[in-house]
Amino acid sequence: MLQAILGAIDEGIHVVDADGITIFYNHVAARLDGLTPEEVLGKPLLEVFPSLDRHSSTLLRVIESGDAIYNQTQTYKNWKGMRVETVNTTLPVRVGKRLVGAVEVAKDIGKLKELSERLVDLQAKISKPKRAKRGAEELAFHFDDILTKSEKMKRLKERAKKAARTTSPVLIYGETGTGKELFVQSIHQASSRSGKPFIAQKLCGASRVSPGEPVVRHGEGKLYGSGRSPRAV
């Protein structure tokens, strides 16, 4: 019954006698150590875990000293070369006053550390600034934000990516609400100037101008061709 109870506990249980021979080893301990109970039971501890010695093994230290060890981290390799990292609480086992062995309860911290490191990496990625700034605003869009199944839009994205690799000015035109700003920002973000200031000049309020004619802002705040008014600023 005692073995059934110990076997049902969801923590690694490893028991050795006074000579360091394993006499009980549950399936959780076997899973943590990357072994099977048959590979450990009845064998000397240091034979199964050759990277340990009498000073680094918490089980053997307790047998030697007779004192309990609580929440001790231990890193070791099994005989297959697999690295194991656990937190152990190890207690002496006595019959009357005679020390007959030691029992160890082990928790796997290797996976916890791996999860913690992943969370730290994720937090760093979230915290890392990704957007180039234009004045007080932030550029919000990249080409990856343009999601489409349309072959025509896919071709348009490829053309925009080619434009991003040039140093020529880019004019994008289209109906209101068709995504011009999204493409403009994506081109800037993909260009060699992505870390530099970005200015998108919207011409939706401008009067008609001739091709090649400079566009300037006048006193009324409207956009005209440069020849329309002497009050250009």
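Keep in mind it's a predicted model, so treat the numbers as computed, not measured. (Residues numbered from 1 in each chain as written. Predicted model: local features only at pLDDT ≥ 70, side-chain atom pairs only at ≥ 80, totals over all residues. Heavy atoms only, no water.)

Some remarks on the pattern of salt bridges
Here is step 1: The tally for this structure, following the rule as stated, stands at five salt bridges.
Here is step 2: For Lys107, the salt bridge goes to Glu11, with nearest N and O atoms at 3.6 Å. Here Glu11 lies in the loop between α1 (2-8) and β1 (12-17) and Lys107 lies in strand β5 (residues 98-108), a separation of 96 residues in the sequence.
Here is step 3: Overall, Lys107 belongs to the partly exposed group, its relative accessible area being 47%.
Here is step 4: With relative accessibility at 26%, the residue Glu11 sits in the partly exposed group.
Here is step 5: When the shortest N-O distance is used, the salt bridge between Lys154 and Glu151 registers 3.6 Å. Note that Lys154 and Glu151 are positioned in helix α7 (residues 151-164) at a spacing of three residues, about one turn of the helix.
Here is step 6: On the accessibility criterion, Lys154 (37% relative accessible area) is partly exposed. (Salt bridge = Lys/Arg side-chain N within 4 Å of Asp/Glu carboxyl O. Helix = DSSP H or I, 4+ residues; strand = E, 2+ residues; numbered from the N terminus. Buried < 20%, exposed > 50% of the residue type's maximum accessible area, 1.4 Å probe, protein only.)

Details of the sheet that holds strand β3 (residues 69-77)
Here is step 1: Spatially, five strands are ordered β2-β1-β5-β4-β3 in an open sheet, and the strand pairing comes out antiparallel. In this open sheet, the two strands that pair with only one neighbour each are β2 (22-25) and β3. Recorded for the sheet is a direction-independent mean angle of 30 degrees between the axes of neighbouring strands.
Here is step 2: With three bridges connecting them, β1 and β2 associate as antiparallel partners. Considered in β2, the bridge of His14 is made with Tyr25.
Here is step 3: In the packing of helix α5 (residues 58-65) onto the sheet, the strands contacted are β1, β3, β4 (83-95) and β5, and the crossing angle to β5 comes to about 155 degrees. (Pairing = 2+ DSSP bridges. Axes fitted to C-alpha atoms, helices over the stretch in contact; angles between N-to-C directions. Contact = heavy atoms within 4.5 Å.)

Section: the side chain of Thr90
Here is step 1: Tracing the chain through its elements places Thr90 in strand β4.
Here is step 2: Of the residues examined, Thr90 reaches a relative accessible area of 0% and is grouped as buried.
Here is step 3: A polar atom in the side chain of Thr90 sits 2.6 Å from the side chain of Glu104.
Here is step 4: The contacts of Thr90, once residues within four sequence positions are left out, are Thr58, Leu59, Val62, Ala68, Ile69, Ala102, Val103 and Glu104. (Polar contact = N/O pair within 3.5 Å; in protein donor to acceptor, adjacent residues only side chain to side chain.)

Remarks on a nonpolar patch on the surface
Here is step 1: On the surface, a cluster of nonpolar side chains totalling about 310 Å² of accessible area is made up of Leu119, Leu122 and Ile126.
Here is step 2: Topologically, Leu119 is positioned in helix α6 (residues 110-127). (Patch = residues over 30% accessible without salt bridge, like charges linked within 9 Å, V, L, I, M, F, W, Y side chains within 5 Å. Areas by Shrake-Rupley, 256 points an atom, 1.4 Å probe, with all protein chains shown as cover.)

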